[in-house]
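Chains, contacts and geometry: an overview
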4 protein chains.
Amino acid sequence: MTHSTEVQEKLSTLKLLLLDVDGVLTSGTITYTDQGDEIKSFSVKDGLGLRLLMDAGVRVGIITGRSSKALMARCDNLGIDLLFDGIKDKVSALETILAQTGVTAGETAFAGDDLPDLCVMKRVGLAITVADASPEVKQASLIITPQRGGEGAVRKICEDVLKAKGLWDGIVTRFSQ
Amino acid sequence: MTHSTEVQEKLSTLKLLLLDVDGVLTSGTITYTDQGDEIKSFSVKDGLGLRLLMDAGVRVGIITGRSSKALMARCDNLGIDLLFDGIKDKVSALETILAQTGVTAGETAFAGDDLPDLCVMKRVGLAITVADASPEVKQASLIITPQRGGEGAVRKICEDVLKAKGLWDGIVTRFSQ
Amino acid sequence: MTHSTEVQEKLSTLKLLLLDVDGVLTSGTITYTDQGDEIKSFSVKDGLGLRLLMDAGVRVGIITGRSSKALMARCDNLGIDLLFDGIKDKVSALETILAQTGVTAGETAFAGDDLPDLCVMKRVGLAITVADASPEVKQASLIITPQRGGEGAVRKICEDVLKAKGLWDGIVTRFSQ
Amino acid sequence: MTHSTEVQEKLSTLKLLLLDVDGVLTSGTITYTDQGDEIKSFSVKDGLGLRLLMDAGVRVGIITGRSSKALMARCDNLGIDLLFDGIKDKVSALETILAQTGVTAGETAFAGDDLPDLCVMKRVGLAITVADASPEVKQASLIITPQRGGEGAVRKICEDVLKAKGLWDGIVTRFSQ
């Protein structure tokens, strides 16, 4: 899949990547223990992608309607401090993050997978979604990853950004030494 | 998949959606911890579908032979109060729910996936099942979702109801703003 | 898949079904918590099959090299009391079970999926395995289920036995009322 | 898949198999409980392969960037004592293991799946990867297993080594008795 010139330009100038959690960073499975605790599964490959993206100076943030210690543990592990969880009003969370980071909406991408993400997706420069998103969300997206949520979709997004910025080959070379 | 006129009419007048849990709201995997506790995994997309359906005034209930805090946590999270778990006699649970809600069997759908669901399925107006149900249950169903249990089958059912009632486009528009 | 006359006869006279756990009743995934506890996932459809088989008077037992509270919880739930776990010498466990139940090896089936099951499989009348077993085990089996371990393979075995005994149609009719 | 003569020779003289964990011994899923604990899932078939390999005198070790009690429990269970977890500098861990075991880099294989494994893979005699590895890692590997990480890839590696050493048939015969 090659992106259009418009999308390539948005990727190459991206300053902030915002992510929904369930269905994007995970497969959309909500798991409860018999104690009512929530368990969440993430992709180790997504994790490396996000770390490389942050190392390259792109900010990464989370906007999600749900809240769990599992998500907090994952964000801690990856060094993501822009964690907006338990969010009812996603647009207001977006505005807070933009104000806090000084990044414009045009320099921001949001990756979501279902109806509650649409309001944010239409307000940022680059709307991204995953292979198993709702049809309405796919229609609103400039990029649809070939990967499903939780199965490397976010890694693909991170690589696309780093490649558009001309940084990927250098990263691979550094790891190969 | 387009439904027959008969099925469309049943969907458009539906007042109550009853669901089996294992194999319908989940993939049918029964997970135990080494403490003997049970863990259950649900689909976040099913969850949104059920919430939208309840917002539209359709009642949602659960009839299941098993019982777990994980299921209670999920029902709490979704606002489902018609929870009949640990049920040996599913027909009697159906009758209790119909009496309690004042809905007729003809205005009710039940989605099940295996033999113990057959007795309820034949007593309601609309019997629904999932892609990976037992053959005997598929034969007894008016709708078979293309999705497997736990992989968005219930979301598909909810969307079918909301579309038949002419409510889906308005919902998408509302989320898009 | 239709079975040979020889296999059909073995199924119709079967008195005891013995099962390996990991890779047969489960997908072969070994899951540890950070406390070192083991979690195990089973199929709800397998569970119903086993209960129907035991209701029909066929004994069901477990022979497995591993041991966990998760497995004990599952056996409790299904009413399986012939639980031989943490077994190093599977042949000796087989002999104990045959002596205890008074069933002959010829009237016994064993379903396994990997090399440590071979010694038992060659000693019983009917060796069964699953779609994703080791090639060496498949070669030693009279039945290979189309289903993978943990994905309904045991349900298929139970249905095959109940059908060979001419009991399945009556069971479905009973559930349909 | 048949290996080249060069690869067959490396397999037949192999003395040490080193493994990355996430994405090789697991599917690359990172699971957190709501307590922030990490859960890990392994393949029972990989486990048997590793035990047979160690029985045959091949040393097995782990080099991984992450650390968890789940991994420690799995290594305990399998009898793997060369556990280097929480490793930032994988090359230095490799050198420690080689010094500790007295095995040369040429007699060592490393199986990894992502960029941080490249530095070790290019320093050992035999670089191995899995079906769902990053493209850059696949390009650096002499063996790519048809299996994905966590789905029997390590079992395939162990069998390849034991077959190249002419030991597999004897193992199968021993289990068949």
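These numbers were taken from a predicted model, which means no experiment stands behind them. (Residues numbered from 1 in each chain as written. Chains lettered and ligands numbered in written order. Predicted model: local features only at pLDDT ≥ 70, side-chain atom pairs only at ≥ 80, totals over all residues.)

1. Section: the overall build of chain A
Counting its regular elements, chain A contains 8 helices and 8 strands. Principal-axis analysis of the C-alpha atoms places the extent of chain A at approximately 45 × 40 × 30 Å. Residues classed as buried in chain A amount to 53% of the 177 residues present. For chain A, the proportion of contacts with a sequence separation of at least 24, taken over those separated by at least 6, is 54%. (Helix = DSSP H or I, 4+ residues; strand = E, 2+ residues; numbered from the N terminus. Buried ≥ 20, exposed ≤ 12 C-beta atoms within 10 Å, placed from the backbone. Contact = placed C-beta atoms within 7 Å.)

2. Quick look at the relation of the copies chain B and chain C
For the pair chain B and chain C, the superposition axis carries a translation of 0.0 Å, the fit reaches an RMSD of 0.0 Å, and the rotation angle comes to 90 degrees. Within this description, the copies of the chain are treated as partners about a four-fold rotation axis. Of the C-alpha atoms belonging to chain B, the one lying closest to the rotation axis is found on B:Thr33, 6.1 Å away. (Least-squares fit on C-alpha atoms with pLDDT ≥ 70 in both.)

3. Notes on the sheet that holds strand S3 (residues 38-43) of chain A
Taken in spatial order, the 8 strands of this closed barrel run S2(A)-S3(A)-S2(D)-S3(D)-S2(C)-S3(C)-S2(B)-S3(B), and their pairing is antiparallel. For this sheet the average axis-to-axis angle between neighbouring strands, irrespective of direction, equals 30 degrees. (Pairing = 2+ DSSP bridges. Axes fitted to C-alpha atoms, helices over the stretch in contact; angles between N-to-C directions.)

4. Remarks on the arrangement of the chains
A gap remains between chain A and chain C, which never touch, and the nearest two C-alpha atoms on either side lie 11 Å apart. In this structure chain B stays clear of chain D, and the shortest span between their C-alpha atoms is 11 Å.

5. Some words on the interface of chain B and chain C
Residue-level contacts link 18 residues of chain B with 20 residues of chain C. Mapped by element, the contributors of at least two residues to the side of chain B that touches chain C are strand S2 (29-32) and helix H5 (118-121) of chain B. Here the side of chain B that touches chain C takes 4 residues from S2(B), the largest share from any one element. Counted by class, the side of chain B that touches chain C contains 6 nonpolar, 7 polar and 5 charged residues. When S2(B) meets strand S3 (residues 38-43) of chain C, the two strands line up antiparallel, connected through 4 bridges. Bridge assignment links B:Thr29 to a residue of S3(C), and that residue is C:Ser43. (Nonpolar A, V, L, I, M, F, W, Y, C, P; charged D, E, K, R; others polar.)

6. Side note on the sheet that holds strand S8 (residues 143-144) of chain D
Pairing between sheet strands relies on hydrogen bonds along the backbone, with the strands arranged either parallel or antiparallel. All names here are of chain D. Across the sheet, which stays open at both edges, the 6 strands sit in the order S5-S4-S1-S6-S7-S8 with parallel pairing between neighbours. Across the chains shown, the open sheet's two edge strands, defined by having one partner strand only, are strand S5 (82-84) and S8. Bridge analysis of strand S1 (residues 16-19) against strand S6 (residues 108-111) gives 4 bridges, and the strand direction is parallel. Note on S6: the bridge partner recorded for Leu17 is Ala109.

7. Considerations on the interface of chain C and chain D
Every contact between the two is made by 18 residues of chain C and, on the other side, 20 residues of chain D. Of all the secondary structure elements, the ones that give two or more residues to the side of chain C that touches chain D are strand S2 (29-32) and helix H5 (118-121) of chain C. Examining the composition of the side of chain C that touches chain D, we find that 4 residues originate from one element, S2(C), more than from any other. Among the residues forming the side of chain C that touches chain D, the class breakdown is 6 nonpolar, 7 polar and 5 charged.

8. What to know about helix H4 (residues 90-101) of chain B
All names here are of chain B. Taking 1.5 Å of rise per residue, the 12 residues of H4 would be expected to cover 16 Å, and the 16 Å separating its terminal C-alpha atoms lies within 8% of that figure. Every buried residue of H4 is listed here: Lys90, Ala93 and Leu94. Looking straight down H4, one finds that the buried residues subtend no more than 100 degrees of arc, so they occupy a single side. Relative to its buried face, H4 has exposed residues pointing more than 90 degrees away, namely Ser92 and Ala99. Each element contacted by the buried residues of H4 is listed here: strand S4 (59-63), strand S5 (82-84) and H5. Gly102 sits one or two residues past H4 and shows a positive phi near 70 degrees. (Expected span 1.5 Å × (residues − 1). Arc of directions from axis to C-beta.)

9. With respect to the pairing of S2(C)
Side chains of S2(C) alternate between two faces, with C:Thr29 and C:Thr31 and C:Ile30 and C:Tyr32 buried alike. Between the end of S2(C) and the start of S3(C), which pair antiparallel, lie 5 residues, with C:Gly36 showing a positive phi angle near 80 degrees.

10. Examining the packing of helix H2 (residues 44-55) of chain D against helix H7 (residues 153-164) of chain D
Residues and elements named next belong to chain D. At a minimum axis separation of 7 Å, H2 and H7 run at an interaxial angle of 30 degrees. Between H2 and H7, the interaxial angle falls into the category roughly parallel. Crossing hand, H2 versus H7: left-handed. Between H2 and H7, the contacting residues are Lys45, Asp46, Gly49, Leu50, Leu52 and Leu53 on the first element and Val154, Arg155, Cys158, Glu159, Val161 and Leu162 on the second. Tallied by class, the residues present in the contact of H2 with H7 amount to 7 nonpolar, 1 polar and 4 charged. (Parallel < 35°, antiparallel > 145°, perpendicular 65-115°, else oblique. Left-handed = near helix turned anticlockwise from the far one by under 90°.)

11. Brief notes about the pairing of strand S4 (residues 59-63) of chain C
All names here are of chain C. With respect to burial, S4 is a largely interior element, 5 of its 5 residues being buried. By the alternation rule, side chains of S4 split into Arg59, Gly61 and Ile63 and Val60 and Ile62, which are all buried. Alignment of strand S1 (residues 16-19) against S4, held across 4 bridges, turns out to be parallel. Bridge pairing in S4 places Leu16 opposite Arg59. Where S4 and strand S5 (residues 82-84) come together, 3 bridges link them in parallel fashion. From the neighbouring strand, Gly61 faces S5, where its bridge partner is Leu82. Taken together, S4, helix H3 (residues 69-78) and S5 constitute a β-α-β crossover, and its handedness is right-handed. (Right-handed = clockwise from strand over helix to strand, strands pointing away.)

12. Let's talk about the packing of helix H1 (residues 5-12) of chain B against helix H7 (residues 153-164) of chain B
All names here are of chain B. At a minimum axis separation of 7 Å, H1 and H7 run at an interaxial angle of 90 degrees. Taken together, the axes of H1 and H7 are roughly perpendicular relative to one another. Note on element contacts: H7 touches H1 through Asp160, Val161 and Ala164, opposite Gln8, Leu11 and Ser12. For the contact of H1 with H7, the residue count by class is 3 nonpolar, 2 polar and 1 charged.

13. Quick look at the confidence of the model for chain A
Here chain A averages 97 in pLDDT, and 99% of its residues register 70 or above. Note on the complex model: pTM 0.96, ipTM 0.95. (pLDDT = per-residue confidence, 0-100.)

14. Topic: the environment of A:Asp85
Of note, A:Asp85 is situated in the loop between strand S5 (82-84) and helix H4 (90-101). Sequence separation between A:Asp85 and A:Ile63 is 22 residues, and the spatial gap between their C-alpha atoms is 5.9 Å.

15. Considerations on the environment of D:Glu9
Position of D:Glu9 relative to the elements: it lies in helix H1 (residues 5-12). Between the C-alpha atom of D:Glu9 and that of D:Ala164, which follows or precedes it by 155 residues, the distance is 7.6 Å.

16. So, the environment of A:Val137
Residues and elements named next belong to chain A. By the element assignment, Val137 lies in helix H6 (residues 135-139). Residue class for Val137 comes out buried when judged on the 27 C-beta atoms lying within 10 Å of it. Along the primary structure Val137 and Ser176 are separated by 39 residues, whereas in three dimensions their C-alpha atoms are 38 Å apart.

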